[in-house]
Each structure stands twice: as C-alpha cells, then as structure tokens.
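# Structural characterization, general
Below, each chain spelled out in residue letters.
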Amino acid sequence: MGQGESRAKKAVLAYSGGVDTSVCIPYLKQEWGVEEVITFAADLGQGDELEPIRLKALDSGASQSIVGDLIEPFITEFAFPAIRANALYEGRYPLSTALARPLIARRLVEIAREVGADAVAHGCTGKGNDQVRFDVAIGSLAPELKVLAPAREWGMSREQTIAYGERCGIPAPVSKASPYSIDLNLLGRSIEAGALEDPDVEPPEEVYALTRSLQDAPEAPELVTIGFEAGHPVSLNGERLDPVTLIRRANELAGRHGFGRLDMVENRVVGIKSREIYETPGLLLLIRAHQELESLTLAADVQRTKRQLEMQWADLVYQGLWFGPLKQALDGFIDRTQETVNGRVKVKLHKGNATVVGRSSASDSLYVPDMATYGAEDRFDHRAAEGFIYVWGLPTRLWSARRRGR
Ligand code: ARG
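Quick caveat, the model's predicted, so the values are computed rather than measured.

Turning our eyes to something else, we now look at the sheet that holds strand β10 (residues 239-240). Taken in spatial order, the 5 strands of this open sheet run β10-β9-β8-β13-β14, and their pairing is antiparallel. Each edge of the open sheet carries a strand with a single partner, namely β10 and β14 (353-360). Pairing of strand β8 (residues 222-229) with strand β13 (residues 343-350), which is carried by 7 bridges, proceeds in the antiparallel orientation. Within β13, the residue paired with Ile 226 across the bridge is Val 345.

Right, let's talk about helix α8 (residues 243-256) for a bit. Look at α8: 20 Å from first C-alpha to last across 14 residues, which is about the 20 Å you get at 1.5 Å a residue. Check the buried side of α8 and you find it contacts α3 (71-84), β8, β9 (232-236), α9 (281-297) and β13. A distance of 3.1 Å separates the backbone nitrogen of Val 244 from a side-chain oxygen at the start of α8, and that oxygen is part of Asp 242. Among the residues trailing α8, Gly 258 stands out with phi positive, at a value near 75°.

Let us now look at helix α10 (residues 300-318). The end-to-end C-alpha distance of α10 is 27 Å, a good match for the 27 Å that 19 residues give at a rise of 1.5 Å each. Within α10, the full set of buried residues consists of Lys 306, Glu 310, Trp 313, Ala 314, Leu 316, Val 317 and Tyr 318. If you follow the buried residues of α10, they end up packed against α3, α5 (130-141), β11 (261-267), α9 and α11 (325-338). Within two residues after α10, Gly 320 carries a phi angle of roughly 85°, on the positive side.

Glancing now at the nonpolar core. Grouped together as the largest cluster of nonpolar side chains are 80 residues, with contacts concentrated most on Leu 95, Leu 99 and Trp 313. In contact with Leu 99, other than residues within four places in its own chain, are Phe 74, Phe 78, Ala 79, Ala 82, Pro 94, Leu 187, Trp 313, Val 317 and Trp 322.

Turning next to the packing of helix α4 (residues 100-115) against α5. Taken N-terminus to C-terminus, the directions of α4 and α5 make an angle of 45°; their axes are 9 Å apart at the nearest point. Between α4 and α5, the angle falls in the class oblique. Taken as a pair, α4 and α5 cross one another with a handedness that is right-handed. Residues Arg 101, Ile 104, Ala 105, Arg 106, Val 109 and Arg 113 of α4 touch α5, and the partners they reach there are Asp 130, Arg 133, Phe 134, Ala 137, Ile 138 and Leu 141. Residue composition of the contact of α4 with α5, grouped by class: 7 nonpolar, no polar and 5 charged.

Bringing the packing of helix α1 (residues 19-30) against helix α7 (residues 158-167) into the picture now. The contact between α1 and α7 brings their axes to 9 Å, and the two run at 60°. What the angle tells us is that α1 and α7 run oblique. Two packed elements cross with a definite hand, and for α1 against α7 that hand is left-handed. Together, Val 19, Asp 20, Val 23, Pro 26, Tyr 27 and Gln 30 of α1 and Arg 158, Thr 161, Ile 162, Tyr 164 and Gly 165 of α7 make up the contact between the two elements. Looking at side-chain class alone, the contact of α1 with α7 contains 6 nonpolar, 3 polar and 2 charged residues.

What follows concerns a nonpolar patch on the surface. Taken together, the side chains of Val 269, Val 270 and Ile 272 define a hydrophobic patch exposed on the protein surface, amounting to about 190 Å² of accessible area. Following the sequence through the fold, Val 270 ends up in the loop between β11 and β12 (273-279). Given the relative accessible area of 38%, Val 270 is considered partly exposed.

Let us look at the site of the ligand. Taken together, 14 residues surround the ligand, and among them Tyr 93, Asn 129, Asp 130, Arg 133 and Glu 266 come closest. Here an oxygen atom of the ligand sits 3.0 Å away from a polar atom, N or O, in the side chain of Arg 133. A distance of 3.2 Å is found between a nitrogen atom of the ligand and a side-chain nitrogen or oxygen belonging to Glu 276. Here the ligand has 340 Å² of accessible area as a free molecule, and 84% of this is covered by the chains. Elements that contribute at least two residues to the shell around the ligand include exactly α5, β6 (181-185), β7 (188-192) and β12.

Conventions and cut-offs
Residues numbered from 1 in each chain as written. Predicted model: local features only at pLDDT ≥ 70, side-chain atom pairs only at ≥ 80, totals over all residues. Heavy atoms only, no water. Pairing = 2+ DSSP bridges. Helix = DSSP H or I, 4+ residues; strand = E, 2+ residues; numbered from the N terminus. Expected span 1.5 Å × (residues − 1). Contact = heavy atoms within 4.5 Å. Polar contact = N/O pair within 3.5 Å; in protein donor to acceptor, adjacent residues only side chain to side chain. Buried < 20%, exposed > 50% of the residue type's maximum accessible area, 1.4 Å probe, protein only. Core = buried A, V, L, I, M, F, W, Y, C linked by side-chain atoms within 4.5 Å. Axes fitted to C-alpha atoms, helices over the stretch in contact; angles between N-to-C directions. Parallel < 35°, antiparallel > 145°, perpendicular 65-115°, else oblique. Left-handed = near helix turned anticlockwise from the far one by under 90°. Nonpolar A, V, L, I, M, F, W, Y, C, P; charged D, E, K, R; others polar. Patch = residues over 30% accessible without salt bridge, like charges linked within 9 Å, V, L, I, M, F, W, Y side chains within 5 Å. Areas by Shrake-Rupley, 256 points an atom, 1.4 Å probe, with all protein chains shown as cover. Salt bridge = Lys/Arg side-chain N within 4 Å of Asp/Glu carboxyl O. Near = heavy atom within 4 Å.

Quick look at the structure:
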C-alpha cells in the first residue's frame, strides 16, 4: 500500500470517536502519506460526551482535534425544512441520518479552509449512502478539496481494523462491541447489522433506546397540541419553545408512548436493499401534525402538487443532492406554500399510535363551515351541482355511448 505516494498533505477528518474513524487517523498518515490529520467531531445532539472524543483523536495521532456544536443549525436549517416538506423517504423514513450529512460536510469544508487543508476525509464504507452524501456535498461546496475515504479502500474486516488500531496504540472497544451499527443524533437513531440483517427476523427489544415498547408505554393516552407558524413547529401544548427544545420535548413525549419506531427494507443509492430500524419519535410526530395542518390550510391543487414534490425532495436528500439545483427550486415552491400553514393540531399519543384528533387555523383555514355543514346554515348551492356534473361527466358519457355503438 501507500509506498511513498502522498494522497494529500493535510486532511480534515470527520470523527466520531469509534474504532473506524480512529483507525482512519494512523491509516491516512502511514498508508496514504498524509502529513497531518485534523479531526472534527460534531455535536448533533447525540448525547455523547465530546471531551473524551476530542482527546481520543489526539491519542490516535491527530495533530489537532476540533469539536463543534451543530445542534441549532441542524434543527433550524435541516430538520425544520424537512418537516415543512413532510419528507419521508419511500413514504416512511424521515431522513434523520441523511439530513445531518450535508451539515457535517459544510462544516468540514469550512474547517479545511480555515486550517489550509487540501483534503477532507471520512470513514464511510463503499456500500452506504453516507459516502455519497459526503462526497457529493464536499465536491459541490469545495471542488478544490480532495475527498479521502480510507474505509472504502482498505478492505479490512472489523477484526482486522481493531488489530490495525491496536498496533497503532488505539485500544480495542472495551465493552463487548454491540453487534449493531448505530447512527444517532437529535432527530433519531438508525440501527443496522447483526441479527437485523435477516429482514424476516423481528428486532429484539434491545435495539431500541428512544422509544418505549408497547408493553411499557402508559395505559392512559396523552393529548399534545402542536402549534405551527409558516409551517415551522413553534409550540407544544401552548408553550412557545425554541426549535431545539421543541424537538427534544417532542422526542420525549412521543417516545414515552412508543411512537416513532420503523422497521423497513429500503433502497440504497448504491443499488442494494437494506433492512433498517429507525426510532424518530419527535420528527415523525411533527411531520404527521404538519401534514394535517396543510390539509386544512392549503388549496387542493397546491396540496396535491406538493405531495408529489415532497417525494422528490425526500429522494434528493436521501441521495445526497442537498446542495443541488432541484433542492433549491423545490424549496422555492415549498417556502411559498408555507405562508399559510399557521395553526394548531391536536394529537393523541397512545400505545405506539399518534392519532390526529383536531386541527384549527384562525388565520388560514380553508374549511368553511357553512359550506361544509349539513345543518340549516348550509350556504352551498345544491342546484348548481347539476350543471357542473353535466359538463364534468360529458366526456365519459360520450365515450361510453360510442363504445355501445350508438
Ligand atoms: N439507511 C439510513 C440512511 O441512509 C441510515 C444510515 C446510517 N448510517 C450509518 N453510518 N450508520 O440514511
């Protein structure tokens, strides 16, 4: 390997503190001739203590170890747009991992420029979606930077990676390593590998950490009222909350009632199907409530068109195209639609369910009671329907008559 050729002089590495990204440090230096590795560990609300991670990078050979709090931009610039877009990949996965990647990439690029690095590095394998998201984002934000992905090339098994690390003074994981591969941030958890690789095997209860089992969820239902302004969630039960606190509370509430688990087979960008378990209680709750408020406040044709574009928005975020032109164009459309998405949605949480039981919008409801009512106040002109139906059904009647040969 390596043999003298240097792939870069100074690289900024996306660092998690795990074995793989730790091994990336000596590997980049020894095998790929990188002179200096600077690590960056992002706080995305995953709840890890960052100081030990910062020190571990230095112990593993980083010349500088940077940690940064990205929680606030993660929620306001990435999660909230996803809520406004009702973004669900393949109709289900709310992109909790995917949304973090362009933000991390953006910060890596900023740091690379600050420290005068000529490369950015990550520990993704060649099989996942995250490599696509990092590489595409970095390539579009900073075409001058090289992207180094050692784990895509090193061909080491888990055991070999640990052994390589030990030879470089990186201790093997102390506890019996979890059989699962987990990604975690404030929006949720994704759990893969181990027994879960068989899509026919029910996930054991131990894979979950943010949501209670149906058994342990409270017997009594709980009602939560979610307030929205211009499509942004702004309050829970009438209490105005900053975006980060709101997501935290929504996670606690929904998670306590066992809502937000997902077990699915999804289509990865690289062409394979994978079995994924997710826990994204707050995000799923907020998307559900947001969709509901739109049904009250968006005109029918806007709502239908938006539902179609939402799929494209979710696809492009999943596929790593956050910084692309379609994203910008769709955001223009979505922003415009959200002007009227103001109001409140009442959701009942109970035993794994989040059931919408009410919605209202003082300023923007398009629900007109005396048009909808069957009572005495009815203002709808029933007789006008007849002429409408005559014209509406005309092509179908003409076609049918022709078919009957008349
Ligand atoms: N399948 C999900 C996605 O593509 C989760 C990926 C988890 N990533 C990880 N490095 N464990 O967004």
